[in-house]
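Descriptive structure summary
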Amino acid sequence: MEENAFKIERHYFDISNIESLENHYANNLWPIVYLLSDDVLKEAYVGETADAIHRLKTHLKNNKKNKLTTFRLISSQKFNKSATLDIESLLIKYLSGDGVYKLLNGNFGIANHNYYQKNEIYWDVFKNIWNGLRHEGIAKHSLKHIDNSDLFKYSPYKSLTEEQKKGLYLVTDNLLNDTIHSTIIEGGAGTGKTILAIFLFKLLNSENSDFNFRDFGEDEMELKYKIDKLKQKYPNPKMALVVPMSSLRNTLKKVFKNVKGLRANMVIGPAELAKTRFDIVIVDESHRLRRRVNLGAYFGAFDKINLKLKLDKHAANELDWVGLQSSKAILFYDEAQSIKPSDVLKEDFDAIKARKNTKIEYLQSQFRVKGGNSYVKYIDHLLHCNIDKNEALYKHKNYEFTLFDNITSFMKEIKFRNEEVGLARMIAGYSWKWISNKNSSLLDIEIEDTKLKWNSTNIDWVNSQNAIDEVGCIHTTQGYDLNYAGIIFGKEISYSKEKNEIIIIEENYYDANGKQSIKNPNELKSFIINIYKTILLRGIKGTYVYACDKDLRDYLSMHIVPYASNSNINETLSLRTENKQFDNSVPFYDLQAAAGDFSELQTIGGFKWIELPQYVRFSEDYFACKVVGESMNKIIPNDSICLFKKYRGGSRNGRIVLAQATEIQDNNFGAGYTVKEYQSIKTLNDSSWSHKSIMLNPQSLDISFEPIILSEDELEDFNVIGIFEMVLC
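Note that the structure is a prediction, hence the values are computed from the model and not measured.

1. Some words on the overall build of the protein chain
Within the protein chain, the secondary structure is distributed over 20 helices and 31 strands. Across the 729 residues in the protein chain, those meeting the buried criterion constitute 56%. Just so you have it, the protein chain exposes about 33,100 Å², and 46% of that area is on carbon and sulfur atoms.

Here you go:
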């Protein structure tokens, strides 16, 4: 669908403009999307309808919507009901994540369904609509920027999974049932506990008039009835979202500040429960509530709160505060994410579960990591050494799980992913002292010949300016989503081949509050295993692993696909080649790319098919060709057959590329090819950038090789054909 396949028109929001509309689609009962807004109030409302005139007149009678001053109609002859529902849903989600306007929409009715040509056509239509709204100043940020923002990730304007809906039904029933006090929603990392918690908060602090419940199918009328009853029982509920970890708490405060009906002061720490009693308390990450162990400077405040609440300071904990200060408590819990001795004991949660006034629901589906439940299960078995030696290495077409054998390649890949999609971060176990906390000029971590610094802030480190050059820990990443997580197994964790088990080296573990008071080594091991399991489940698109300890690295290498680009080729693989395609094969082109200057003229004719090694996950973008010469021999030996991935866009800086230059040779006869490490030098003109020059750098043991430098006037026929993946043979 072409860019002009839709129309955005703007009008003042009053009865005369509605009645005089000349929009063909609005006047003839076509599906249409509309947007009400006010630039002073910074409030907006998104809707879709097949009767725009009637719907707009109805909104004029609403005491909140009639304060909005402008309406925009988004129309197209290509729109059908499914498309307008989808575009409405996307606009709600992305305008909320954009953070410019507070939406008057409720959080029900967010469509999430498939329909004909949804991805092929209508996603592109939406992107063009979004650019049109940016042009008019309604939207500010790019879709990619919003995708990576916390405001988008934690937005209440999300479709719920079937499991989350079950949790919602249970909570609404329990809130209406005077015999029930506590609801416990159990689920592992990435099962959507925080999203459901925020959804509940928005639900109970918004008017029913904006809810259409269409995403709830046959349960629509029953749920609407229960929500009406809840509004009658709690017309102005006194609520709190308790978040034990300060970093996540501050992030969610920012989210609440930008959602209509919610306020930043609704998100509190456990200590603030002492100030007043609440109708409803929702606790996210309740496994991180604390007891009176290893509290450091918090001991004094902890004791004063227990005194104020008339509790025994030696026996009580923050979970008791929740129960005492709430008429209804909703606890989101995962015992596998308890990471230190100060966390409330599992036995205390078990005691609440056993009470007659408690109900329990479970979330099991994984929808953070694209590897799904199979990846979660594999990680659990990996850390508990329960993987059969004959089991194949973990592979998933939608997820990267890769082991590195040197820290330089590990860091380089993380930084490349950060340039490519953003939110790629390094996270490590706590096996180095945090000396930069007192002297910012110092570096904390030393691995091989590389020195690194721990996170320079505890608050929202993931989104901080220097995060890509620092290393986070469990305390700055628990509860956060990343696109790629680079996990460094520190010197406190190893592997015993004789026992086939993970072992802990206590003297190398430097989280003082994480090990003080622990007398049983198995308890410390359990906490550390939980830490690594938690951080291994942060990455949405992939997880990269490096282990400092050789024994552990050897163990992991039996179960994690190795990073191919830095593998030492000590033996020649014999790979099958055929004239016809066969299983697990990729095109093997008849060209020789020079690991030197650009090759002689070549035109590409036929090709064969070459087998991929078993440990390489197949991609339709893969192809192979031969690389000759010595200018890349640090990585690519002369006369190697190499695997490349078709270049589809994005940053190439620092990557080894297969490049083609026709301008340097003769366009009529062929092109020259070379394989080099790519570096671009850019220039900025009138707020846009262009390549000033491109440098193709050798990586050779022979220092006589020099970079190939292409000036701006030599770039017209320069192309990057592929990104180097690995040497095949």
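Still more to cover.
2. A few points about the nonpolar core
If you look at the biggest cluster of nonpolar residues, it comprises 106 residues, and the most contacted ones within it are Ile-282, Phe-401, Phe-489 and Leu-556. Tallying contributions element by element places helix α9 (residues 193-204) first for this core, with eight residues. When sequence neighbours within four positions are dropped, the list of residues in contact with Ile-282 reads Ala-197, Leu-200, Phe-201, Met-239, Ala-240, Leu-241, Val-242, Ile-330 and Phe-332. Counting residues in each nonpolar core, the second largest holds 30 residues, with Phe-79, Ile-129, Ile-138 and Ala-139 among its members.

3. As for the pairing of strand β13 (residues 424-428)
Taken across its five residues, β13 has five buried, putting it largely inside the fold. Taken together, the five bridges between β13 and strand β17 (residues 482-489) define a ladder with parallel strand orientation. Bridging across to β17, Arg-425 finds its partner in Ala-485. Pairing analysis gives two bridges linking β13 to strand β16 (residues 470-472), with the strands arranged parallel. The partner of Ile-427 across the bridge, within β16, is Gly-472.

4. Description of the sheet that holds β17
Read across the sheet, eight strands follow the order β14-β15-β16-β13-β17-β20-β12-β21 without closing on themselves; strand pairing throughout is mixed. The two strands at the open ends of the sheet, each matched to only one other strand, are β14 (445-447) and β21 (561-562). The strands touched by helix α15 (residues 372-383) within the sheet are β12 (400-404), β17 and β20 (539-547), with β12 carrying the most contacts at an inclination of about 30 degrees. Sitting on the sheet, helix α16 (residues 407-421) is in contact with β12, β13, β14, β15 (450-454), β17 and β20, with an inclination near 165 degrees to β17.

5. So, the packing of aromatic side chains
Summed over all chains, the structure comprises 30 aromatic pairs. Ring geometry for Tyr-430 versus Trp-454: centroids 5.4 Å apart, planes at 55 degrees, classification tilted. Placement of Tyr-430 in the loop between β13 and β14 and of Trp-454 in strand β15 is noted, with a sequence separation of 24 residues between them. What makes Tyr-430 buried here is its relative accessible area of 16%. Under the relative-accessibility criterion, Trp-454 is labelled buried at 2%. Geometrically, the ring pair formed by Phe-489 and Tyr-532 is stacked, given 4.4 Å between the ring centres and 5 degrees between the ring planes. Taken as a pair, Phe-489 in strand β17 and Tyr-532 in helix α19 (residues 521-535) lie far apart in primary sequence, 43 residues in all. According to the relative accessible area criterion, Phe-489 is buried, its value standing at 2%. A residue is classified by how much of its surface remains accessible, and Tyr-532, at 0% relative accessible area, is buried.

Procedures and definitions
- Residues numbered from 1 in each chain as written.
- Predicted model: local features only at pLDDT ≥ 70, side-chain atom pairs only at ≥ 80, totals over all residues.
- Heavy atoms only, no water.
- Helix = DSSP H or I, 4+ residues; strand = E, 2+ residues; numbered from the N terminus.
- Buried < 20%, exposed > 50% of the residue type's maximum accessible area, 1.4 Å probe, protein only.
- Areas by Shrake-Rupley, 256 points an atom, 1.4 Å probe, with all protein chains shown as cover.
- Core = buried A, V, L, I, M, F, W, Y, C linked by side-chain atoms within 4.5 Å.
- Contact = heavy atoms within 4.5 Å.
- Pairing = 2+ DSSP bridges.
- Axes fitted to C-alpha atoms, helices over the stretch in contact; angles between N-to-C directions.
- Phe/Tyr/Trp six-rings, centres within 6.5 Å; stacked < 30°, edge-to-face > 60°.

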